[in-house]
Amino acid sequence: MRGIVICILVLLIQAFDDASAQTEKFQRNGLVEFIRSEGQVITISSKHYAKTKNILKYHCERNALENILFRGIPNSNQTSPMIEGANELDARLAELLESDYIQFITNSQCVESTKSKKFYYATQIVSVDLQALRKYLEDKKVIRKFGL
Amino acid sequence: MRSFLRLLFTYSIFSITLTAQVNNRPVVQPTIMVVPFAKEGERLRTAYENSEVNRIAITKVKEAFDKRGVNTIDLIGKLKQTNNNTALQQEQANETMDQVVSLSGADIYVVVEATRKYSPTGNSVTVILTAYDAFSGESLANKVGNSPLIYTDNFDKLIEKAVETEIDNLLNTLQEKFTILLNEGRSIVVTIGVESNTVLTLEKEINDSGDLLSEVIEDWIKANAFKGNYHLQGVTRNKMIFDIVKIPIHTPSGTNYRLRDFTSELRKYLRSINLSTRQTVQGNNVVFTLSEGKEKE
């Protein structure tokens, strides 16, 4: 009986740990740099951190995407934010930022990673298909189609 | 702290409502024409035919508009159409930028100027892109794209690179300006003067309350300008100039609001206060000349 209770406790602790890792609060930073642009695909480097390695990649990619959406990438062909007048709290963007974003990432490679006491840090080279992303946002009525 | 949170909440609701308002409106595609840079008095056809770099740059810019789902008016097609119009054949020698743009019916025109640069460290191309509102002549977006310096004579590729560096930014800036136009309206200039050989002045009391003609006209402009947004530059006995009067882009039913809609309403109002008018419209400038008494039907 005691064994079963311990097992349940261990499972509960593990589940709680996983859940806390999954819900680790993401905060956008400006550590993105334009690398190149080919056609409608923009490639940028994005630096971010996370408590676990599996969340780290997501944070780097989301950071790249959020910078394209809400801030614009300096010295690139996408200097203006793609979305005006909305931010990451907009409910219409929850699906995109949590899961759908992966559809628009054509390439993602980690070029550098380090670990300190609490966090993993990484630099990820991320390529994003801007035309497909714009179409997605237009269909979701987050941005207007080009025009008056 | 509580009042700060309340303020934050109100702001969020306001900005979401504003975005929703803009996004829920039907999108009307502007008609766009891409033209080569032409010097004062130079024919557009000559500017187009004489510069290969400009032709390639124009094609790349048109391609970018196509990718955003916007059709462009073809310059050569439009020139042919203009020349086929017998009424205009006498003016064929004057296919200047202003004439072609005004005859094309384009809402926006984009002027493209591409130049080759030779240097010992490689060749490059610079492309200047300027988008204008054909209605007001206002510049909406300006970008300069440079290709990298490369040891090559393949200028087609260099032009492509130069256009690619800035075309998305040009389109994004244009879209930002469109959103501002939707929210704030277009600016027109309204000048109201009185006929030189009449005793009528703008200081004449025109009703029992003792309101001056200039005051009632200003009240009408205030009530009919988009969101009540206007600016009165000055009033004299004979003239009043509104250097900014905002008019909407769309009517409430979603069709295009034309300048004629505004001038027609103003003319009817002036007629209702027993004034006859002559009006001249050029671009976004409207001039009304007033005299006493209604015109004959």
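Residues numbered from 1 in each chain as written. Chains lettered and ligands numbered in written order. Predicted model: local features only at pLDDT ≥ 70, side-chain atom pairs only at ≥ 80, totals over all residues. Heavy atoms only, no water.

Attention shifts here to the packing of aromatic side chains. All names here are of chain A. Considering all chains together, one arrives at 11 aromatic pairs over all chains under this definition. Arranged with centres 5.1 Å apart and planes meeting at 75 degrees, the rings of Tyr 49 and Phe 119 form a pair that is edge-to-face. Taken together, the positions of Tyr 49 in strand β2 (residues 41–50) and Phe 119 in the loop between β3 (105–115) and β4 (120–129) put the pair 70 residues apart, joining distant regions of the chain. Classification of Tyr 49 by relative accessible area gives partly exposed; the value is 30%. Three or more aromatic residues link up through ring pairs in this structure, and these residues are Tyr 49, Phe 119 and Tyr 121. (Phe/Tyr/Trp six-rings, centres within 6.5 Å; stacked < 30°, edge-to-face > 60°. Helix = DSSP H or I, 4+ residues; strand = E, 2+ residues; numbered from the N terminus. Buried < 20%, exposed > 50% of the residue type's maximum accessible area, 1.4 Å probe, protein only.)

Residue and element names in this part refer to chain B. Partitioning chain B into structural domains gives domain 1 (2–183) and domain 2 (185–292). Every contact between the two is made by 10 residues of domain 1 and, on the other side, 14 residues of domain 2. Surface buried jointly by domain 1 and domain 2 totals about 970 Å² across both partners, of which 59% is contributed by carbon and sulfur atoms. Linking domain 1 with domain 2 are one salt bridge. Of the charged contacts in the structure, one is a salt bridge between Asp 133 and Arg 186, with a shortest N-O distance of 3.4 Å. Counting across the domain 1 and domain 2 interface gives four residue pairs in polar contact (both at pLDDT 80 or more). Broken down by element, the side of domain 1 that touches domain 2 gets its largest block of residues, four residues, from helix α6 (residues 155–184). Residues that form the side of domain 1 that touches domain 2 fall into these classes: six nonpolar, two polar and two charged. (Domains from an automatic or database assignment. Contact = heavy atoms within 4.5 Å. Buried area = accessible area lost by both parts, 1.4 Å probe. Salt bridge = Lys/Arg side-chain N within 4 Å of Asp/Glu carboxyl O. Polar contact = N/O pair within 3.5 Å; in protein donor to acceptor, adjacent residues only side chain to side chain. Nonpolar A, V, L, I, M, F, W, Y, C, P; charged D, E, K, R; others polar.)

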